[in-house]
Amino acid sequence: MSVDAIFQSILERKRSDIAPLVQAEIDAGTEISVILNDGLIGAMDVVGRQFGDGLLFVPELLVAAETMKTGLEVLRPKLVGSEITNRGTVVIGTVQGDLHDIGKNLVSMMVEGAGFAVVDLGVDVAPERFLEAAREHRPQVVGLSALLTTSMPAMRRCIELFEDAEIDVKIIVGGAPVNQEYADEIGADGYGSDAPGAVRLIKRLVTET
Amino acid sequence: MFSETPDIVPFGTSSRRELLTQTQLDTLQGGTLRLLDEVGVRFPSRRALELFAEHGARVDWEEEIVRIPPDLVRDAMSTAPRSFVLGGREERFDLLLDGCHSYVATDGTGVHVVDLETRRIRASCKEDVAMMARVCDALPMVSFFWPPVGAQDYGATAPLHQCHAGLTNTLKHVRGGMTVPPRLAPYVVEMATAVAGGAGALRKRPPVCANFCTIAPMSQDGDSIDNALMYAEAGIPMSFMAMPTMGSTAPATPLGALVMGDAEVVSGMVLVQLAFPGAPVIHSNLVSLMHPRTGGYVADVPIPTGWISVQMAHAWGVPSLGGGSLSVGSPEVGWSAGLDSGIGALTIPLYGGEICGDLGLTGGSMILYPELIILQHEACCFAYELLEGFEFDEADMALDVIAEVGPRGHFLSQKHTRKHIRDFRLPPAEGADGLPRDPQEAALEEFKRLHETHRPRPLPDEVLAELDRILAAADRESEGMG
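Keep in mind the model is a prediction, meaning the values are calculated, not measured.

A.B. asks: So what exactly am I meant to see when it comes to the interface of chain B and chain A here?
C.D. replies: By a widespread convention, an interface's size corresponds to the accessible area lost as its parts come together. Residue-level contacts link 18 residues of chain B with 16 residues of chain A. Carbon and sulfur atoms supply 67% of the area buried between chain B and chain A, which totals about 1500 Å² over both sides. Tallied by class, residues from the side of chain B that touches chain A come to six nonpolar, nine polar and three charged.

Written out as structure tokens, the structure is:
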């Protein structure tokens, strides 16, 4: 089964190999769901476990996620209108006052690689913009990222705004200065210490929803 | 009644060493010039772009990237002062940044505090800044007060409240100018002017300095740049601080991170010099490592990047902040924190950055254990006494006393012994019985003692009232800013 080659290209982080491999499977008539679940998502599950076991470093995780995303872009036109549905929708962004996006982008790719639709709002995102996106896309989870200690209060403001608006969505936080205590203190529904951790958290929250 | 604030104690230069040769320094500086000329730095500030264009830099208006020719960099940097003063409330608290003194500073800006009483982690607030300012006022090795944590009980005006808490609770110099929305920056200038006693006094002995972090790779923050130009016009000194992280925001080699951080810092300083030639600027390039497994921030890599940064700053002819750090990476107070602090203290006099230290925070500069500063201060005292505090006095050989005691005697009953036995500072973490105590417990006890008893002399009533008025106006201005 040559979906194995797609699977392997993600594990080996061969960004330039994956697009033709995915296209070849589509052309060969392999079911889209098999390419997606057994190839792309299945490989990212393994990558996530390898990272959790300390076998992979962050740069390797990033390139694996980019490889998956390259393959997903080839597959995406076939997903539109198909019966394959996302596991859910996640709105993500770096909070207001913070321009850092490396961690947020990595989480975004890993979440997408786990089968979720991701709406990435970018950086320096105002609380009102998160709320607007939540109303528009009706996600199960909103992810707030921050790298600066000075921008962390924007996470609290965002959560307060969602509470005032009574939007039914789980809000999770992450980023270098954030920890579980801070997440608890500001009333977040969860904290992800790294990208695979964020994926596990989102899967759990969506299952609970 | 008010407490006496002890004089500050700088390290001298007698033990100074340099790591790089002049040829190596020239190579690094050549790399910086090449990056500035060919890659350029993003300045998302209309005023900055116009200033650069007026002086002959190549400006990509769409991408907001400035490419600065080497000659323009050199000409602009030649107007930056090598020496200047950061003022304290009294002249004895002034810091003379001249390459001959190294002053120890607190670190900033964390967000968590281990509460003094409950011992639980909570969000930091303005009173925490005031508490740390009062205690640091009593610690002679602390010469420069950077609010260690944020005043999170305030919104957009939090940096102004941090500045206020510093200025009203210590007689020492306060790094009070952090990035604020540009509309609020004039209030920082007003506060500094009120404490200095006028615009002229502010220029001569500014009681407040500012810090602006660059954004790696090769970018500046728009608000910071607009703040910097406002502060420079008023005479408030400022550091540009690069924090390149090897592996994520910077190349995964120390020299790559150093040269890129240098280019970011120098680009900010060049802008300020073009706008206000002679404005006091400080170079700060703090290289860190991305933790390869977690992506986290590893501040203290056992590679002498801090020392090289000091040499690079001095090669540009400006003072340095960094190069000798007591910063602690461990998440709590323990042996690892003690080791970090001890080694860091010993490096301060060796590499001679004008402002060194980073006392007070743990966990990647996020968490404040108030008592940690007591232990770090002791590490500084130990390093100072080891390297700086020894005075050679021939009389101290006490040959006459040795002759009087002679072979097989003892010195217990000698007047000379009674005269000198109190000259020595005993280990702080021991009880009155001479037995060792838990260092953290002893430090906490000493911190609480200082917190309860040390009351620095307040500012005059009219200045306090003026600061209150300025803060209230800033808080009103910030309403509705989000």
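Don't stop here, the text continues.
A.B. asks: Is there a simple way to explain the sheet that holds strand E16 (residues 297–298) of chain B in this structure?
C.D. replies: Two modes of strand pairing occur in sheets, parallel and antiparallel, and in both the strands are linked by backbone hydrogen bonds. All names here are of chain B. The mixed open sheet is built from three strands, whose spatial order is E13-E15-E16. If you trace the sheet from one side to the other, it starts and ends with strand E13 (245–246) and E16, each paired once. Sheet analysis places E13 next to strand E15 (residues 288–290), joined by two bridges and oriented parallel. When the bridges of E15 are listed, methionine 246 appears paired with leucine 289.

A.B. asks: Quick question: what am I supposed to make of the side chain of histidine 454 of chain B here?
C.D. replies: Residue and element names in this part refer to chain B. Of note, histidine 454 is situated in the loop between helix H15 (439–453) and helix H16 (461–478). In terms of polar contacts, histidine 454 uses its side chain to reach the side chain of aspartate 137, at 2.7 Å. Every residue in contact with histidine 454, bar those within four places of it in the chain, is listed here: Ser3, Glu4, Thr5, Arg134, Asp137, Ala138 and Arg449.

A.B. asks: Looking at this structure, how should I read the environment of glycine 177 of chain B?
C.D. replies: Residues and elements named next belong to chain B. Structurally, glycine 177 can be placed in strand E10 (residues 173–177). Along the backbone, glycine 177 and serine 341 are 164 residues apart, and their C-alpha atoms lie at a distance of 26 Å. Every residue in contact with glycine 177, bar those within four places of it in the chain, is listed here: Val188, Val208, Cys209, Ala210, Asn211, Phe212 and Tyr231.

A.B. asks: So what exactly am I meant to see when it comes to the pairing of strand E14 (residues 281–285) of chain B here?
C.D. replies: Regular strands show a simple pattern: their side chains alternate between the two faces of the sheet. Residues and elements named next belong to chain B. Counting buried residues along E14, five of its five residues qualify, which places the element largely inside the surrounding structure. Residues Val281, His283 and Asn285 line one face of E14 and the alternating positions Ile282 and Ser284 line the opposite face, and both faces are buried. Note: strand E12 (residues 238–242) against E14, five bridges, orientation parallel. By the bridge assignment, methionine 241 is partnered in E14 with serine 284.

What counts as what
Residues numbered from 1 in each chain as written. Chains lettered and ligands numbered in written order. Predicted model: local features only at pLDDT ≥ 70, side-chain atom pairs only at ≥ 80, totals over all residues. Heavy atoms only, no water. Contact = heavy atoms within 4.5 Å. Buried area = accessible area lost by both parts, 1.4 Å probe. Nonpolar A, V, L, I, M, F, W, Y, C, P; charged D, E, K, R; others polar. Pairing = 2+ DSSP bridges. Helix = DSSP H or I, 4+ residues; strand = E, 2+ residues; numbered from the N terminus. Polar contact = N/O pair within 3.5 Å; in protein donor to acceptor, adjacent residues only side chain to side chain. Buried < 20%, exposed > 50% of the residue type's maximum accessible area, 1.4 Å probe, protein only.

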